[in-house]
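Structural overview for review
Listed below, chain by chain, are the residues.
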2 protein chains.
Amino acid sequence: MAKSKEDVVSEFRVQSIQEAAIRVISRKGMAAATMQEIAEEAGVAKGTIYLYFRDREELVEKTFETAIGELHKRLDAALEGDGTFEERLRAVMTAQLGFFNENREFFRLYHSLRMPEGTSAQQRRQKRTCQPQFRARVDRLAGILKQAMDAGEVRPLDPKRLALFLIEGSIAIVLERLAEDAPPPESEDVELIVSTILGGIAIPKSKRS
Amino acid sequence: MAKSKEDVVSEFRVQSIQEAAIRVISRKGMAAATMQEIAEEAGVAKGTIYLYFRDREELVEKTFETAIGELHKRLDAALEGDGTFEERLRAVMTAQLGFFNENREFFRLYHSLRMPEGTSAQQRRQKRTCQPQFRARVDRLAGILKQAMDAGEVRPLDPKRLALFLIEGSIAIVLERLAEDAPPPESEDVELIVSTILGGIAIPKSKRS
DNA sequence: CGATACACTGACCGTCCGTTCAGCGCGGTG
DNA sequence: CACCGCGCTGAACGGACGGTCAGTGTATCG
(Lines give C-alpha, C1' and ligand atoms only; values in the text may rest on other atoms or scores of the structure.)
Protein backbone atom coordinates (compact mmCIF):
# COMPACT_ATOMS: atom_id res chain seq x y z
CA MET A 1 0.00 0.00 0.00
CA ALA A 2 1.18 3.48 -0.81
CA LYS A 3 1.64 6.05 1.86
CA SER A 4 -1.67 7.44 3.03
CA LYS A 5 -2.09 11.16 3.39
CA GLU A 6 -1.91 10.82 7.17
CA ASP A 7 1.41 9.08 6.93
CA VAL A 8 2.86 11.86 4.83
CA VAL A 9 1.72 14.54 7.27
CA SER A 10 2.98 12.48 10.17
CA GLU A 11 6.39 11.99 8.58
CA PHE A 12 6.59 15.69 7.84
CA ARG A 13 5.87 16.56 11.47
CA VAL A 14 8.38 14.07 12.81
CA GLN A 15 11.02 15.44 10.50
CA SER A 16 10.25 19.10 11.28
CA ILE A 17 10.45 18.42 14.99
CA GLN A 18 13.69 16.49 14.71
CA GLU A 19 15.28 19.21 12.61
CA ALA A 20 14.15 21.82 15.10
CA ALA A 21 15.57 19.72 17.92
CA ILE A 22 18.94 19.53 16.18
CA ARG A 23 19.04 23.28 15.71
CA VAL A 24 18.02 24.10 19.28
CA ILE A 25 20.31 21.55 20.90
CA SER A 26 23.13 22.81 18.72
CA ARG A 27 22.53 26.37 19.88
CA LYS A 28 21.82 25.79 23.55
CA GLY A 29 23.41 22.48 24.37
CA MET A 30 21.68 19.30 25.45
CA ALA A 31 20.68 20.39 28.94
CA ALA A 32 19.38 23.87 28.13
CA ALA A 33 17.28 22.91 25.12
CA THR A 34 13.66 23.09 26.29
CA MET A 35 10.63 21.45 24.76
CA GLN A 36 9.06 24.90 24.47
CA GLU A 37 11.87 26.23 22.35
CA ILE A 38 12.04 23.14 20.17
CA ALA A 39 8.29 23.45 19.60
CA GLU A 40 8.58 27.12 18.66
CA GLU A 41 11.47 26.37 16.34
CA ALA A 42 9.38 23.68 14.65
CA GLY A 43 6.37 25.99 14.45
CA VAL A 44 4.08 23.74 16.48
CA ALA A 45 2.68 23.76 20.00
CA LYS A 46 4.56 22.05 22.78
CA GLY A 47 1.83 19.44 23.14
CA THR A 48 2.17 18.43 19.49
CA ILE A 49 5.63 17.04 20.10
CA TYR A 50 4.09 14.55 22.52
CA LEU A 51 1.84 13.24 19.74
CA TYR A 52 4.94 12.03 17.91
CA PHE A 53 7.42 11.28 20.69
CA ARG A 54 6.66 9.65 24.03
CA ASP A 55 8.82 12.10 26.00
CA ARG A 56 11.88 14.30 25.75
CA GLU A 57 14.16 11.33 26.06
CA GLU A 58 12.69 9.56 23.06
CA LEU A 59 12.85 12.74 21.00
CA VAL A 60 16.54 13.22 21.73
CA GLU A 61 17.31 9.57 21.15
CA LYS A 62 15.51 9.27 17.82
CA THR A 63 16.86 12.61 16.65
CA PHE A 64 20.39 11.58 17.43
CA GLU A 65 20.04 8.26 15.66
CA THR A 66 18.74 9.93 12.54
CA ALA A 67 21.49 12.53 12.55
CA ILE A 68 24.42 10.27 13.30
CA GLY A 69 23.23 7.90 10.61
CA GLU A 70 23.80 10.66 8.10
CA LEU A 71 27.40 11.11 9.20
CA HIS A 72 28.07 7.39 9.10
CA LYS A 73 26.70 7.18 5.58
CA ARG A 74 29.14 9.86 4.50
CA LEU A 75 32.11 8.21 6.15
CA ASP A 76 31.24 4.81 4.74
CA ALA A 77 30.89 6.31 1.28
CA ALA A 78 34.39 7.75 1.64
CA LEU A 79 35.73 4.29 2.37
CA GLU A 80 34.11 2.47 -0.52
CA GLY A 81 36.33 0.58 -2.84
CA ASP A 82 39.90 0.12 -1.68
CA GLY A 83 43.19 1.84 -2.03
CA THR A 84 46.33 2.32 -0.04
CA PHE A 85 45.96 3.09 3.62
CA GLU A 86 47.07 6.64 2.99
CA GLU A 87 44.36 7.17 0.42
CA ARG A 88 41.67 5.80 2.67
CA LEU A 89 42.86 7.82 5.65
CA ARG A 90 42.83 10.98 3.59
CA ALA A 91 39.34 10.16 2.30
CA VAL A 92 37.92 9.65 5.79
CA MET A 93 39.45 12.83 7.16
CA THR A 94 38.26 14.86 4.19
CA ALA A 95 34.76 13.48 4.57
CA GLN A 96 34.72 14.23 8.28
CA LEU A 97 35.98 17.80 7.99
CA GLY A 98 33.63 18.40 5.10
CA PHE A 99 30.61 17.05 6.91
CA PHE A 100 31.12 19.10 10.03
CA ASN A 101 31.94 22.16 7.98
CA GLU A 102 28.59 21.87 6.20
CA ASN A 103 26.72 20.90 9.35
CA ARG A 104 28.22 23.13 11.96
CA GLU A 105 25.15 22.98 14.09
CA PHE A 106 25.08 19.23 14.14
CA PHE A 107 28.59 19.19 15.46
CA ARG A 108 27.53 20.63 18.76
CA LEU A 109 24.76 18.05 19.03
CA TYR A 110 27.35 15.38 18.42
CA HIS A 111 29.41 16.76 21.25
CA SER A 112 26.54 17.27 23.63
CA LEU A 113 25.83 13.59 23.38
CA ARG A 114 29.41 12.60 23.86
CA MET A 115 29.44 13.39 27.56
CA PRO A 116 26.03 12.53 28.98
CA GLU A 117 24.29 14.95 31.28
CA GLY A 118 21.25 14.59 33.48
CA THR A 119 20.29 12.18 36.22
CA SER A 120 22.04 8.87 36.41
CA ALA A 121 18.98 7.08 35.03
CA GLN A 122 18.99 9.38 32.01
CA GLN A 123 22.71 8.89 31.65
CA ARG A 124 22.41 5.14 31.62
CA ARG A 125 19.81 5.25 28.90
CA GLN A 126 21.71 7.78 26.84
CA LYS A 127 24.80 5.65 27.16
CA ARG A 128 22.97 2.57 25.99
CA THR A 129 21.75 4.20 22.79
CA CYS A 130 24.55 6.62 21.92
CA GLN A 131 27.74 4.87 22.98
CA PRO A 132 27.32 2.03 20.46
CA GLN A 133 27.22 4.67 17.72
CA PHE A 134 30.59 6.05 18.79
CA ARG A 135 31.99 2.60 19.34
CA ALA A 136 30.93 1.64 15.85
CA ARG A 137 32.83 4.57 14.46
CA VAL A 138 35.97 3.83 16.45
CA ASP A 139 35.80 0.14 15.58
CA ARG A 140 35.35 0.94 11.92
CA LEU A 141 38.55 3.01 11.87
CA ALA A 142 40.34 0.48 14.06
CA GLY A 143 39.46 -2.20 11.51
CA ILE A 144 41.02 -0.20 8.72
CA LEU A 145 44.13 0.37 10.79
CA LYS A 146 44.38 -3.34 11.59
CA GLN A 147 44.07 -4.17 7.92
CA ALA A 148 46.91 -1.77 7.09
CA MET A 149 49.05 -3.31 9.82
CA ASP A 150 48.48 -6.80 8.47
CA ALA A 151 49.37 -5.56 5.03
CA GLY A 152 52.62 -4.20 6.41
CA GLU A 153 51.78 -0.63 5.57
CA VAL A 154 51.60 0.42 9.20
CA ARG A 155 53.55 -0.37 12.36
CA PRO A 156 51.83 -2.87 14.66
CA LEU A 157 50.23 -0.80 17.43
CA ASP A 158 47.00 -1.07 19.38
CA PRO A 159 44.48 -0.22 16.62
CA LYS A 160 41.76 0.85 19.03
CA ARG A 161 44.03 3.29 20.82
CA LEU A 162 45.20 4.72 17.55
CA ALA A 163 41.66 5.06 16.25
CA LEU A 164 40.58 6.94 19.36
CA PHE A 165 43.60 9.19 19.18
CA LEU A 166 42.92 10.02 15.54
CA ILE A 167 39.19 10.60 15.89
CA GLU A 168 39.39 12.82 18.94
CA GLY A 169 42.45 14.65 17.72
CA SER A 170 40.79 15.47 14.44
CA ILE A 171 37.61 16.53 16.23
CA ALA A 172 39.67 19.05 18.18
CA ILE A 173 40.81 20.51 14.90
CA VAL A 174 37.23 20.64 13.62
CA LEU A 175 36.27 22.52 16.79
CA GLU A 176 39.06 24.98 16.22
CA ARG A 177 38.00 25.47 12.62
CA LEU A 178 34.44 26.20 13.71
CA ALA A 179 35.69 28.86 16.11
CA GLU A 180 37.86 30.57 13.54
CA ASP A 181 36.62 33.43 11.41
CA ALA A 182 38.57 32.37 8.36
CA PRO A 183 39.75 28.79 8.71
CA PRO A 184 42.39 27.58 6.29
CA PRO A 185 41.16 25.36 3.44
CA GLU A 186 40.02 21.93 4.56
CA SER A 187 42.70 20.23 2.53
CA GLU A 188 45.39 21.97 4.55
CA ASP A 189 44.14 20.57 7.84
CA VAL A 190 43.58 17.15 6.29
CA GLU A 191 47.18 17.20 5.12
CA LEU A 192 48.40 18.21 8.58
CA ILE A 193 46.61 15.26 10.16
CA VAL A 194 47.49 12.69 7.52
CA SER A 195 51.16 13.62 7.33
CA THR A 196 51.52 13.81 11.11
CA ILE A 197 49.95 10.42 11.62
CA LEU A 198 51.77 8.71 8.79
CA GLY A 199 55.21 10.24 9.06
CA GLY A 200 55.32 11.91 12.44
CA ILE A 201 56.59 15.37 13.14
CA ALA A 202 60.19 14.68 14.01
CA ILE A 203 63.00 15.53 11.68
CA PRO A 204 65.45 12.60 11.79
CA LYS A 205 68.81 13.58 13.21
CA SER A 206 70.53 12.54 9.99
CA LYS A 207 68.55 15.10 8.01
CA ARG A 208 68.91 18.10 10.29
CA SER A 209 70.70 21.09 8.85
CA MET B 1 48.75 38.51 61.78
CA ALA B 2 48.48 34.74 61.83
CA LYS B 3 45.34 33.02 60.78
CA SER B 4 42.55 33.44 63.28
CA LYS B 5 40.51 30.45 64.32
CA GLU B 6 37.62 31.68 62.22
CA ASP B 7 39.79 31.79 59.14
CA VAL B 8 40.87 28.21 59.66
CA VAL B 9 37.28 27.01 60.02
CA SER B 10 36.26 29.09 57.05
CA GLU B 11 39.02 27.68 54.88
CA PHE B 12 38.13 24.19 55.96
CA ARG B 13 34.50 24.71 54.95
CA VAL B 14 35.40 26.23 51.61
CA GLN B 15 37.67 23.32 50.89
CA SER B 16 35.16 20.66 51.99
CA ILE B 17 32.49 22.18 49.82
CA GLN B 18 34.75 22.46 46.80
CA GLU B 19 35.92 18.87 47.18
CA ALA B 20 32.31 17.74 47.49
CA ALA B 21 31.44 19.75 44.39
CA ILE B 22 34.21 18.06 42.42
CA ARG B 23 33.00 14.63 43.46
CA VAL B 24 29.34 15.32 42.69
CA ILE B 25 30.01 17.02 39.36
CA SER B 26 32.31 14.16 38.44
CA ARG B 27 29.56 11.64 39.20
CA LYS B 28 26.55 13.45 37.77
CA GLY B 29 27.93 15.89 35.28
CA MET B 30 27.79 19.66 35.42
CA ALA B 31 24.08 20.09 34.73
CA ALA B 32 22.75 17.40 37.04
CA ALA B 33 24.83 18.27 40.09
CA THR B 34 22.41 19.90 42.55
CA MET B 35 23.25 22.18 45.45
CA GLN B 36 21.38 19.76 47.70
CA GLU B 37 23.57 16.84 46.73
CA ILE B 38 26.78 18.84 46.98
CA ALA B 39 25.72 19.95 50.46
CA GLU B 40 24.99 16.36 51.53
CA GLU B 41 28.31 15.19 50.12
CA ALA B 42 30.09 17.93 52.08
CA GLY B 43 28.13 17.08 55.23
CA VAL B 44 26.60 20.55 55.59
CA ALA B 45 23.17 22.08 54.99
CA LYS B 46 22.35 23.62 51.67
CA GLY B 47 22.18 27.09 53.21
CA THR B 48 25.74 26.79 54.46
CA ILE B 49 27.10 26.75 50.95
CA TYR B 50 25.60 30.19 50.44
CA LEU B 51 27.62 31.52 53.37
CA TYR B 52 30.80 30.81 51.44
CA PHE B 53 29.73 31.19 47.82
CA ARG B 54 27.39 33.81 46.39
CA ASP B 55 25.54 31.33 44.19
CA ARG B 56 25.93 28.11 42.26
CA GLU B 57 27.83 29.84 39.51
CA GLU B 58 30.50 31.18 41.84
CA LEU B 59 30.88 27.79 43.48
CA VAL B 60 31.46 26.06 40.15
CA GLU B 61 33.81 28.76 38.94
CA LYS B 62 35.99 28.87 42.04
CA THR B 63 36.04 25.10 42.30
CA PHE B 64 37.16 24.74 38.73
CA GLU B 65 39.89 27.32 39.12
CA THR B 66 41.26 25.56 42.17
CA ALA B 67 41.18 22.18 40.51
CA ILE B 68 42.65 23.14 37.15
CA GLY B 69 45.41 25.02 38.95
CA GLU B 70 46.51 21.72 40.43
CA LEU B 71 46.79 20.11 37.01
CA HIS B 72 48.73 23.04 35.59
CA LYS B 73 51.17 22.90 38.47
CA ARG B 74 51.84 19.26 37.67
CA LEU B 75 52.33 19.87 33.98
CA ASP B 76 54.60 22.85 34.58
CA ALA B 77 56.67 20.80 36.98
CA ALA B 78 57.11 18.16 34.29
CA LEU B 79 58.47 20.81 31.95
CA GLU B 80 61.01 22.30 34.30
CA GLY B 81 64.57 22.39 33.17
CA ASP B 82 65.14 21.58 29.53
CA GLY B 83 65.98 18.62 27.40
CA THR B 84 65.31 17.39 23.91
CA PHE B 85 61.82 17.82 22.57
CA GLU B 86 61.25 14.08 22.86
CA GLU B 87 62.12 14.12 26.54
CA ARG B 88 59.82 17.03 27.26
CA LEU B 89 56.97 15.53 25.27
CA ARG B 90 57.32 12.27 27.14
CA ALA B 91 57.41 14.12 30.47
CA VAL B 92 54.21 16.06 29.74
CA MET B 93 52.33 13.00 28.59
CA THR B 94 53.47 10.99 31.58
CA ALA B 95 52.39 13.77 33.92
CA GLN B 96 49.01 14.06 32.27
CA LEU B 97 48.22 10.36 32.27
CA GLY B 98 49.44 10.11 35.84
CA PHE B 99 47.37 13.02 37.05
CA PHE B 100 44.14 11.80 35.54
CA ASN B 101 44.82 8.28 36.70
CA GLU B 102 45.13 9.51 40.27
CA ASN B 103 42.24 11.95 39.95
CA ARG B 104 39.71 10.02 37.93
CA GLU B 105 36.85 12.02 39.32
CA PHE B 106 38.39 15.31 38.41
CA PHE B 107 38.68 14.18 34.86
CA ARG B 108 34.94 14.23 34.35
CA LEU B 109 34.75 17.72 35.86
CA TYR B 110 37.39 18.79 33.40
CA HIS B 111 35.27 17.44 30.58
CA SER B 112 32.00 18.83 31.85
CA LEU B 113 33.51 22.27 31.59
CA ARG B 114 34.86 21.73 28.14
CA MET B 115 31.48 22.05 26.47
CA PRO B 116 29.45 24.63 28.33
CA GLU B 117 25.83 23.89 29.14
CA GLY B 118 23.01 26.03 30.42
CA THR B 119 21.46 29.25 29.21
CA SER B 120 23.44 31.43 26.87
CA ALA B 121 24.16 33.91 29.66
CA GLN B 122 25.58 31.12 31.80
CA GLN B 123 27.53 29.88 28.81
CA ARG B 124 29.10 33.24 28.18
CA ARG B 125 30.23 33.51 31.76
CA GLN B 126 31.55 29.98 31.86
CA LYS B 127 33.39 30.62 28.65
CA ARG B 128 34.98 33.75 30.03
CA THR B 129 36.41 32.00 33.07
CA CYS B 130 37.15 28.50 31.79
CA GLN B 131 38.23 28.93 28.21
CA PRO B 132 41.37 30.91 29.08
CA GLN B 133 42.48 27.97 31.21
CA PHE B 134 42.27 25.61 28.25
CA ARG B 135 43.83 28.16 25.94
CA ALA B 136 46.71 28.54 28.35
CA ARG B 137 47.32 24.83 28.23
CA VAL B 138 47.18 24.65 24.46
CA ASP B 139 49.40 27.72 24.11
CA ARG B 140 51.91 26.27 26.53
CA LEU B 141 52.29 23.11 24.46
CA ALA B 142 52.23 25.10 21.23
CA GLY B 143 55.14 27.15 22.57
CA ILE B 144 57.17 24.04 23.21
CA LEU B 145 56.39 22.75 19.74
CA LYS B 146 57.41 26.07 18.20
CA GLN B 147 60.66 25.98 20.11
CA ALA B 148 61.40 22.50 18.81
CA MET B 149 60.61 23.61 15.27
CA ASP B 150 62.98 26.56 15.53
CA ALA B 151 65.64 24.21 16.88
CA GLY B 152 65.16 22.01 13.83
CA GLU B 153 63.99 19.04 15.86
CA VAL B 154 60.50 19.12 14.42
CA ARG B 155 58.96 19.80 11.02
CA PRO B 156 57.48 23.29 10.63
CA LEU B 157 53.71 22.87 11.05
CA ASP B 158 51.01 24.97 12.65
CA PRO B 159 51.96 24.60 16.35
CA LYS B 160 48.48 25.45 17.62
CA ARG B 161 46.83 22.82 15.45
CA LEU B 162 49.37 20.25 16.52
CA ALA B 163 48.95 21.11 20.19
CA LEU B 164 45.19 20.72 19.97
CA PHE B 165 45.52 17.45 18.14
CA LEU B 166 47.91 16.10 20.74
CA ILE B 167 45.98 17.25 23.78
CA GLU B 168 42.60 16.03 22.63
CA GLY B 169 43.98 12.83 21.21
CA SER B 170 45.72 11.97 24.44
CA ILE B 171 42.60 12.85 26.41
CA ALA B 172 40.70 10.29 24.36
CA ILE B 173 43.21 7.70 25.47
CA VAL B 174 42.87 8.77 29.09
CA LEU B 175 39.10 8.36 28.76
CA GLU B 176 39.58 4.87 27.37
CA ARG B 177 41.96 3.99 30.21
CA LEU B 178 39.40 5.15 32.75
CA ALA B 179 36.76 2.91 31.20
CA GLU B 180 38.99 -0.15 31.17
CA ASP B 181 39.06 -2.65 33.99
CA ALA B 182 42.77 -3.31 33.66
CA PRO B 183 44.42 -0.60 31.59
CA PRO B 184 47.95 -1.28 30.35
CA PRO B 185 50.77 0.44 32.25
CA GLU B 186 50.84 4.19 31.73
CA SER B 187 54.25 4.02 30.12
CA GLU B 188 52.86 1.86 27.32
CA ASP B 189 50.27 4.46 26.34
CA VAL B 190 52.78 7.28 26.71
CA GLU B 191 55.08 5.41 24.35
CA LEU B 192 52.26 4.89 21.85
CA ILE B 193 51.53 8.60 21.77
CA VAL B 194 55.12 9.80 21.73
CA SER B 195 56.27 7.39 19.06
CA THR B 196 53.23 8.03 16.89
CA ILE B 197 53.64 11.76 17.04
CA LEU B 198 57.37 11.75 16.55
CA GLY B 199 57.80 9.03 13.98
CA GLY B 200 54.33 8.40 12.61
CA ILE B 201 52.77 5.03 12.08
CA ALA B 202 53.69 4.33 8.50
CA ILE B 203 56.32 1.80 7.59
CA PRO B 204 58.42 3.31 4.80
CA LYS B 205 58.10 1.37 1.56
CA SER B 206 61.84 0.71 1.54
CA LYS B 207 61.63 -1.16 4.82
CA ARG B 208 58.60 -3.32 4.13
CA SER B 209 59.19 -7.04 4.15
C1' DC C 1 25.51 31.17 84.98
C1' DG C 2 22.84 34.18 82.01
C1' DA C 3 23.47 37.04 77.92
C1' DT C 4 25.12 37.72 73.45
C1' DA C 5 26.97 36.60 68.95
C1' DC C 6 27.09 33.94 65.17
C1' DA C 7 27.72 29.83 62.28
C1' DC C 8 24.60 26.77 60.75
C1' DT C 9 20.16 24.63 59.51
C1' DG C 10 16.32 23.14 56.59
C1' DA C 11 11.50 24.33 55.64
C1' DC C 12 9.81 27.38 52.45
C1' DC C 13 9.32 30.35 48.15
C1' DG C 14 9.47 31.54 43.36
C1' DT C 15 10.69 29.89 39.00
C1' DC C 16 11.31 26.84 35.37
C1' DC C 17 10.26 22.94 32.66
C1' DG C 18 8.45 18.42 31.18
C1' DT C 19 4.08 16.52 30.70
C1' DT C 20 -1.07 16.33 30.43
C1' DC C 21 -5.64 17.01 28.72
C1' DA C 22 -9.98 19.57 27.98
C1' DG C 23 -11.35 22.04 24.36
C1' DC C 24 -10.97 24.33 19.72
C1' DG C 25 -11.11 24.66 14.70
C1' DC C 26 -11.41 22.45 10.43
C1' DG C 27 -12.03 19.10 6.80
C1' DG C 28 -14.91 15.43 5.62
C1' DT C 29 -19.55 13.11 5.53
C1' DG C 30 -24.48 12.15 5.25
C1' DC D 1 -26.14 22.62 6.73
C1' DA D 2 -25.44 20.08 10.97
C1' DC D 3 -22.65 16.76 12.81
C1' DC D 4 -18.52 14.30 13.83
C1' DG D 5 -13.65 12.91 14.18
C1' DC D 6 -9.26 14.25 14.92
C1' DG D 7 -4.97 16.77 14.78
C1' DC D 8 -3.57 20.34 17.30
C1' DT D 9 -3.28 23.76 20.97
C1' DG D 10 -1.62 26.04 25.20
C1' DA D 11 -3.19 26.83 29.98
C1' DA D 12 -2.57 24.28 33.91
C1' DC D 13 -0.23 20.82 36.84
C1' DG D 14 3.37 18.62 39.42
C1' DG D 15 7.89 18.12 40.61
C1' DA D 16 12.58 19.69 40.95
C1' DC D 17 15.90 23.00 41.94
C1' DG D 18 18.31 27.40 43.22
C1' DG D 19 18.12 30.65 46.62
C1' DT D 20 16.29 32.76 51.34
C1' DC D 21 15.81 33.58 56.14
C1' DA D 22 13.65 32.92 60.70
C1' DG D 23 14.99 29.93 64.05
C1' DT D 24 18.31 26.83 66.68
C1' DG D 25 22.34 25.21 68.88
C1' DT D 26 26.73 26.35 70.76
C1' DA D 27 30.84 28.75 71.95
C1' DT D 28 32.38 32.90 74.21
C1' DC D 29 32.35 36.60 77.44
C1' DG D 30 31.17 39.48 81.42
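Provided above is the structure to which this section pertains.
What counts, and where the lines are drawn
Residues numbered from 1 in each chain as written. Chains lettered and ligands numbered in written order. Predicted model: local features only at pLDDT ≥ 70, side-chain atom pairs only at ≥ 80, totals over all residues. Near = placed C-beta within 6 Å. Helix = DSSP H or I, 4+ residues; strand = E, 2+ residues; numbered from the N terminus. Axes fitted to C-alpha atoms, helices over the stretch in contact; angles between N-to-C directions. Parallel < 35°, antiparallel > 145°, perpendicular 65-115°, else oblique. Left-handed = near helix turned anticlockwise from the far one by under 90°. Contact = placed C-beta atoms within 7 Å. Nonpolar A, V, L, I, M, F, W, Y, C, P; charged D, E, K, R; others polar.

Some words on the protein's contact with DNA strand D
Around DNA strand D lies a shell of 17 residues, among which Ala45 and Gly47 of chain A together with Gly47, Asp55 and Arg56 of chain B are the nearest. At four residues, the largest contribution of residues to the surface near DNA strand D is made by helix 3 (residues 46-52) of chain A.

Considerations on the packing of helix 4 (residues 56-79) of chain A against helix 5 (residues 85-102) of chain A
Residues and elements named next belong to chain A. Closest axis-to-axis distance for the helix 4/helix 5 pair is 8 Å, and the angle between their directions is 150°. In terms of orientation, helix 4 lies roughly antiparallel with respect to helix 5. In this structure, helix 4 meets helix 5 at a crossing whose hand is right-handed. Taken together, the residues of helix 5 that come into contact with helix 4 (itself represented by Leu71, Arg74, Leu75, Ala78 and Leu79) are Arg88, Ala91, Val92, Thr94, Ala95, Gln96 and Phe99. Residues that form the contact of helix 4 with helix 5 fall into these classes: eight nonpolar, two polar and two charged.

A look at the protein's contact with DNA strand C
Not every one of the 17 residues close to DNA strand C is listed here, only the nearest: Gly47, Asp55 and Arg56 of chain A together with Ala45 and Gly47 of chain B. Counting only elements with at least two residues in the surface near DNA strand C, the list comes to helix 2 (35-42) and helix 3 of chain A together with helix 1 (5-28) and helix 3 (46-52) of chain B. The dominant element in the surface near DNA strand C, judged by the number of residues it contributes, is helix 3 of chain B, at four residues.

Side note on the environment of Glu19 of chain A
Residue position: Glu19 of chain A is located in helix 1 (residues 5-28). Considered as a pair, Glu19 of chain A and Ala42 of chain A are 23 residues apart in the sequence and their alpha carbons are 7.7 Å apart.

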